[in-house]
Each structure stands twice: as C-alpha cells, then as structure tokens.
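Okay, here's what each chain looks like letter by letter:
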Amino acid sequence: MSLLQALCSLPHVTAGCPKAECVEGELCPGGAHFNWTKDGKPFDLSSDPRIVTFNNSGTFAIQNRGIINNFQGKYRCFASNVLGTAMSEEIELIVPSVPKFPKEKIEPLDVEHGDSVILHCNPPKGIPPLHIYWMNIDLQHIPQDERVSMSLKGDLYFANVEESDSRSDYCCFAAFPRLRTIVQKMPMTLRVSRSNFIKERKPKLLIPPESAGSSSSVTVIKGGVLLLECIAEGLPTPHLSWVKVTGNMPKEEPETENFGKTLKIEQVTAADEGTYQCTASNPMGRARHEFHVHVEGPPQWLKKPEGGVYSVGTNLVLLCEAIGNPEPSIQWKVNGMPIDGSDVWFGRISTREISLTNLQLQDSAVFQCEATNKHGTILASANVNVLSECPGPSPHRDHSQQPLAVHPHTPAAVPTLGKDLGQKAENSEQHLLPIFFNFLPCRIVLDRDTLFISSVLLEDQGVYTCLASTALDAAEAEAQLIVLDVPDPPEDLQLSENQNRSVRLSWKAGASHNSPVNESIIEFEENHWEPGRWQELSRVPGNDTTALLSLAPYLNYQFRVVSVNAVGRSQPSKPSLRYATPPAAPDKNPENIRVEASEPNEMVMKWEPLKPAERNGPGLEYRVSWRQRGVETDWNEELVKKHSLSVRNVPTFVPYEIKVQAVNNLGSGPEPNITIGYSGEDVPDAAPSGVSVEVVNSTLVKVFWFGIPRDRVRGHLRGYKVSWWKTKSMLDGKRHHPEKHFLTFVGDRNSGMIPGLDPFSEFRLTVLAFNSRGDGPESSPVVFETPEGVPEQPRFLRILNFDKDSVTLSWGLPKKANGHLTGYILQYQIINETHEVGAVRDVSVANHSVQSWRLAGLSPSTKYKFYIKACTAKGCGKAATEEGLTLAQAYAGIYEGISTQGWFIGLMCAIALLTLLLLTICFVRRNKGGKYSVKEKEDLHPDPEAQSIKDEIFGEYSDSDEKPLKGSLQSLNGDIKATGSADSLVDYGEGEHGMFNEDGSFIGAYSGSKEKGSVESTGSSTATFPLHA
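Since the model is a prediction, treat every value here as computed from it, not as a measurement.

Peer 1: Quick question: what am I supposed to make of the side chain of Glu353 here?
Peer 2: Residue placement: Glu353 occurs in strand β33 (residues 353-356). Its relative accessible area of 15% is what places Glu353 among the buried residues.

Structure representation (structure tokens):
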C-alpha cells in the first residue's frame, strides 16, 4: 500500500440538511460518493428540477417554488470512499401548512349566576411554539384571575360565572410565531342570567377531570420543564395549593403560574421525581389530585466506540454503552448498513461490543453505534483503517487497549493519546538527511524531517533521538515523550476487622501511569433490597489503600474501589467477597408525622415510612401511640405494618399527643418524639354577635362584629364571611330581588370594609365564621342604608340644530341617578385645530325634568365642545360630551334663501326620481342573470374570520394549502439571515407599530393610530420554516 493510500482518510459528515455537507476524506483517490435516503428509502437528487446540488459535496438545497409538501420527511446522508461509508444523523424536514380554525356556527351558551363554564379554543395544528390569547372584538384581553383563567391547552375556564361575564365576543386567537400567522376563532357568546338561589358548593377539579381518578402519572424529560396543572370550579372561588408528598419541593416556595393553578419546575433532575399533590379549597370543602411524576431522559453516551489505524492480523474491540430512561436499545451498523449476530463476521457481535480478530485490509470500514429510546436517538462513529505492516520488525501492539491522556506540561511537544505526535529535526543547510530507526510500525510515519505517531499507546513512552549526518558532521537531538493515563483498577481487595457495624477494606493500588492517585472512591452494593445498584460509601484521600467502613445492619454488602488521578477515574476494581451484617433493632423512627381527617369524629395519622436500608432487620412494624392532650389517661397503642392509622369515634377537633416508633423482630427504635395533632373538624356551631355597620360614603361601609368563642369554632378558624343583598332603592321605593354577595376576611378578625355598594339604597347584611370543614350559622340580618351619591354620566348628548350663532342640545337621563336629581350643569368652550381651547362657560339648568336647551350668543363658523352633567344634592357626576361647528353667516343666509325657492325644491325631487329609476333598472338586470366575479362576491360577503385577520392584520395570503405560499421566506436554499428572534411576536408588525407588546397585548394597527381601512399590509401572513432537525 502506498503512502498516499496509507494517509487516505475515511469519510465524515460535517453538517446536516438543508445545507448538509458530506465531505470526502482527504488525499483519497477518486474522491467520495454521496447519496441520501428519505424515510429509509433511496432519494434521487435528480428527481425534481427544484433540487439544486453543489459541486464536490453531497449538499443539496430545495427551491421554495410550487407545492413542496412531497419533500416532507426524514433524511439521512451517506458519504462513501474506498475505505468505507459514513452517515449523518436523521434530519427531519417539515413543510408547514397554513393553520386555520374550522368555519363553524357556535351556539350561544346560556348559564345561571354561579355556574362553572368552559369555553373551548381547540386551536389548529401548526409548528410550535403556539401562543393562545383570549380577547374581545376590540382586541382587549379578557381579564383573568383566580376565578377566570386559561388552561395550558388554551381553553378558558370560569370557576363560577357572574352577570358581568355576559358578552358576545369571546374570541380565541392562536399565534404561530415561526409561521408569522395569527388565526381567530369565531366569536363565542356567553349569557349569564340571575339565579334564584346562591349555588355555593365545594370545589370540583376540572383539570385533571374526575374521570382521571384521584391520581395520574406524568412523565417529564430530564433537563426539561415540568408543568402540573389543576383547575377547579366551585363557589366561592377555590384557592389552589401544592405540596410534594414524597420529599421536599425543589424550593421552599414552589414556583407557580396562572394564579397558582400551574406548578412549574425548570431544569428537572432525578430529585424532582415523586408524588405531587394539588388541593383546591374553599369554605365549603376541598378536592385533591396526586401526580406521580417520573423523570425520563434521552440516550446519553457512557462509552463511544473509538477507531484508529491498525495493522493486518491484529485484534480490535469496539465498545458502545449508553444510558437513558427508558433504557436505550443499541444497534450496530457498518458503512451505514445494520448488522446483527446472524451476519457472517470474522469476530463476535453483542449489544455492547464488536470484537474483530485477525484484521485484514478489506476490513477498513466506518462502524456506527446508534442508541435509541422513545425520547431520541444518538449516533457515534468509529473509523477503522487497516494497513499492512511497514518494512522492519514491529513489536506486538494491543490495539484494544484504552486510549491514554497525556499531561500538558511535558519536556517535549507530547500529544494526547489517540492524537498525533510530531517531532521535527531541522538544519540550516536544508540538505536531505537520513534518519534511522530500529523499527517503524504503521502508526509511525517518517516524512523527511518529521516523525509522526498516531494513536499513541502507553508503550510509546520514552526518549526519542533524531540523528542527522552529512559527510562533514553529525548532530542529534532528544525529545522525551511522557504518556499519562488513568490509573489501573485496584486489585486484591481484602476484608478484615469484622464487626457488626463496621469492617476494614484493604487493597493494592494499580499502576498510576505517570499521574499520582489523589483519591480512592469506595462503592458498595447490597443484594437484599437493591441488587445490582452500586452506591458511593466513602472516599479515601491520597495514596491510602485501606479504610474502616461504617455499615448498616441486616445488609449483605460487597465492595469495590475506583482510583482517581489528574487524568480521570480508573475502571472499578473487581468486587470483594460479600460481607453480611447481622440484624439489629431500628436506629430511627418515622418522620413527618401528621394528622388528616375528612370527617368529624375521625383522626387519620400518617407518616413517612422508613427506607429499606433503615429497617435494620426483619418484621418491621410501627407502634402508634396516642392520647388526648391535657387529659390524664393511658396511651392507646396499636401495631401496624402500613404507614397510616385511622381512629374513629373521637371527640370533634380536640388536640392529641401522637408517637410513632419503629419496631422489628430484634427490638424497638429510640423513644419517639411527641407530635400534636387534632381530630376531625366540624362546621362552627355559633354565629358572630354584635354586628354593626358604619357608613363611610355612598358606596362603602365598614362592618364590625364579635368573633365566636374558640370552643365553638370546632376546627381551625379560617376567617369570617360577610354576606349582603340589596332590598330596595330609596329613590323609587321598589323592592329588589335578593341577589346575595359575599366577601371573605381571612383570619381571626372583627371588622372589614364592603365596597361597591349602590348609593341611596337599603341593604341587609349577615356575618358567619368558617373553618376548613365549612360555614357556620349566619348572624341575624342587620339593615343599613347608603346615602345619596353623584349621578352617573347622562346616556347621551346630541346636537339637534346648528345656526350661525346658536345651537340646540338634547341629552338623556343618567343610567343611575344615585339620588334625587336637582338639575344639570351645561358647559361649553371654543376649540380649534391648534389644540388651544377657550374658557369654559357654565349654564345651570335648575329644572331636573328639562332634557334640552338652546344656547345663543355663539360665534359663527366656530368649533365648540359641549358638556352636560347630572347633579344631586351630593354633587355632579361625569359629563357626556359632544363637538360641533356653527354655520358661517353667508352660508346661513344663502341656505335660508335657496331652500324656500320653488325651482330648488323641483330640482331636488327630479334628482331623487332619477336615482330611484336607475336602482330599479340595476335590480331587474341582476335578476335576469347578470354575473359578477367571485372576487366581488367575496368582497360583498366577507368571511368574518378572514376579514378581521386578513384585511386588518396580514394583507394577502394564500387560502389554499395546495398553492404556493405568497411571500414565503426562501428558507430551503440556506440564504436566510437571522432577523433577531424568529419566534418574536414583534415581527408581526412593522416598525414601531408592532402587533404585540411585551405582555402579548395587541398594539400598532389596533392601537387606534390608523383609521379603519388604512392599515398597511405587512405582506404575506405565512412564512415557511422548512427544518426542525
């Protein structure tokens, strides 16, 4: 084999699609050959004229012209030369279609006050990320809080509805930033009517639904984001809280979103696995759900196969190990083709390794190891290049030896194992100098004045001498090569000083390979509870080769040792003999003792069970002791095997002293600590007394009460609830339907403010106490009246007639008078285009029954602004406004003269008659079959969805998935330049008039800065991003 062939490198892939560079090996005769597969089948690059290939590489690009849906799929590139075939990882090409909501008629939803409601969005499919927004037709966000909120799927949930929720324009908007597209669902109507009674009820979970049961399983990827969601309905509005049942939360205060309804944990680790519980509670009760969280992960390499240059006749072992959850499956390939144990090979193939013996020249190849589980696939390649022996004797080489690391601070330029070593001899005369070696294996290449060593082995360590000679003189130079490696595994593990709770472990250190051992790690495995799982037990610093190990009872141990130096860890030693510790009584008792009860006269005691390694012996049980606190009585005791105990027929909500002690066949654990817990709660049986009301103003009062005695709470006092309802208006004396309102005051308090009352009205009010079990009885109703307030704004202000120096105005009554009207204040002022305004002049209308007024003495051809306010004895309310321009004096005279002339009246009648005749002719012609274009038809009958989104937001876009996407980014030819963040919603607008601001609200074209119909088109509403590798 020539030197050129010896240096020919195997092919490799440097990048993926859409600009996938499959680069040939250097110095290879004939270059490399490239081919692609699509969805596992050969893909012909000449099959479509839109596929553009690039010279001397396997790269291709797809021009974004016409229908390109057929290009969607999973691609893989193969690069081949005379030595083998390399392949890329799979690359997925996604050709998105324009997402659309279906055209549907959504029936109005009629509900009663207090009901729970779900408005479904059901957004169309599209390339993530997807952002959902609920807005009204004016593009204002629907307010959200604990009562009204959006789920992770985008549906809008009402825990209970109020009459103010009634509206006919609940609109769901779905935004796809990568497609630069927003689509709107048809508006939904929600009508809320008054209920004849208050629908108080305990919480009920809507997410997860009751059909899911009391618990569910959730799988999350390690390193990802965990989102757990609970949404509940009920009245009063439920409050959501989260706890981790098994272990502690990652933070003291868990991060929640959506008003506590979503628990969020970022950068998930194995420690986040466990059971989480959400609780929805209100004064009527509570509802719970448990999430069993399992942390899984895609494959990760423990050991990749490593290739190199090998001599004919040598042996080779390629190792491939990966971890993941679920455990990944391993598939071996050679030159891109799958192989298995049934293939005829000169070696042995298993899941973890390929063993090749007696290598020959034709065995040069690229070996691939692919590890796959449901969360992903990883690929590693090993280039195996087999060369014939070069002239001269060659010592034996063990090519299966693991690669060595090389210390960076060495006397000469020394490579890392598996890299290259070049020592260069130079002389100033530039003569060709003979250099002599006793042997030259194929890994060592001598090129004029450079010695090149590839795949450095431990045995390459030593002093290298370069001798250069001429007829006149000779010179030599030396270079020392020091090769570093991880230590060899420790050997000869011995156990001594055997005790019940300890043993001494001794071992012999392996070779350190030029880097001293700075630490030894001792690991153990026990085959009783967790067979096969090695865990760290202890660390020994420095070169110590012995350690006294502390052990737990009732475990069958074996040990192994790992040595560590500056390069890394050694392989573990062979395990020691097993050492079984005798059983013993428990060393500890259960922790996290608590009391839960769902019914009165019941007490459920729970605790965290001991871990298997903490049992210390067979027959583990728990001795539970309890007695009523403050009562001289003996302890009640019971032995149980599970980690809870329920006791019935106990007094309602009294404190108990509780102890839980671990017991096994060899004895009891230490004396347990006493925990205080309470038996089950019942609703309070007394009402607050001394209820009184202090009127602060016409809409606000302060309520006072005396709390109920502690022994009448019969539980943990959660707070007080004030209820009130309007009985009649003091203005007209009409009785009102008793619509009850509540306000909750948390904690032990005796006063509270009640806002938002109607002025000049009579109310009744009650107060009750509540605990975790529910509400107690209400106090006797207290009657109070609110004083008069200022009126609301008049319903309208109109200009009935304009003259050159006067104007006649008309206005409506205020929606709510809030008292006896005493009259109106009419104001006016001059305004003009320079934003200068004249002084405000007032006219008092003392008669409250007057609803029109003629203002005289105005200036001709002048613009005025008029204000009207309604007034009561308390003052005047907010003004209604209107603007108008008085007539010019000349125009007023002409108008008065012409409008009374007979010829003018006749002319106007003739024009009206001709117009009517033309309209009749057009109507007749159309009924006889006149045609008009589809475009005109669309303009006459626009689709509400398309009109609101197409015309006012995005300009023109293709309405068919089969048509080319107008204005699409040319994303398949690799010429796209990054434009900031491709996922930013700011890109939907132009310049400073972007469509969204930072909180996701619409601005720009919707901000009112442009008249309707003057919104500038932002180009196409769609853009394709072809790759999602």
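Further notes follow.
Peer 1: Before we go on, may I ask you to explain the state of the cysteines in this structure?
Peer 2: Think of a disulfide as a covalent bridge from one cysteine sulfur atom to another cysteine sulfur atom. Applying the stated criterion to the full structure yields 4 disulfides. Through a disulfide, Cys320 is tied to Cys369; the S-S separation comes to 1.8 Å. Here the disulfide of Cys320 and Cys369 is left-handed, its torsion about the S-S bond being about -70°. Taken together, the positions of Cys320 in the loop between β28 (316-319) and β29 (321-325) and Cys369 in strand β34 (residues 365-373) put the pair 49 residues apart, joining distant regions of the chain. No difference in accessibility class separates Cys320 from Cys369, as the two residues are buried. Between Cys871 and Cys876 runs a disulfide, and the two sulfur atoms are separated by 1.9 Å. Every disulfide takes its handedness from the sign of the S-S torsion; for Cys871 and Cys876 that torsion is 95°, giving right-handed. Take Cys871: its relative accessible area is 6%, and that puts it in the buried class. We classify Cys876 as partly exposed; its relative accessible area is 37%. Of all cysteine sulfurs in the structure, the one in Cys172 sits closest to Cys171, which takes part in no disulfide; the separation is 9.0 Å. For Cys171, a relative accessible area of 0% gives the class buried.

Peer 1: Quick question: what am I supposed to make of unusual backbone geometry here?
Peer 2: The phi angle of most residues is negative, glycine excepted, and most peptide bonds adopt the trans form. For the bond running from Ile207 to Pro208, omega is -10°, close enough to zero to count as cis. The topology assignment puts Pro208 in the loop between β18 (201-207) and β19 (215-221). Residue Pro236 is bonded to the preceding Leu235 through a cis peptide linkage, with omega at 0°. Tracing the sequence through the fold places Pro236 in the loop between β21 (231-235) and β22 (239-244).

What counts, and at which threshold
Residues numbered from 1 in each chain as written. Predicted model: local features only at pLDDT ≥ 70, side-chain atom pairs only at ≥ 80, totals over all residues. Heavy atoms only, no water. Helix = DSSP H or I, 4+ residues; strand = E, 2+ residues; numbered from the N terminus. Buried < 20%, exposed > 50% of the residue type's maximum accessible area, 1.4 Å probe, protein only. Disulfide = S-S within 2.5 Å.

Keep in mind these values describe shape, not function.
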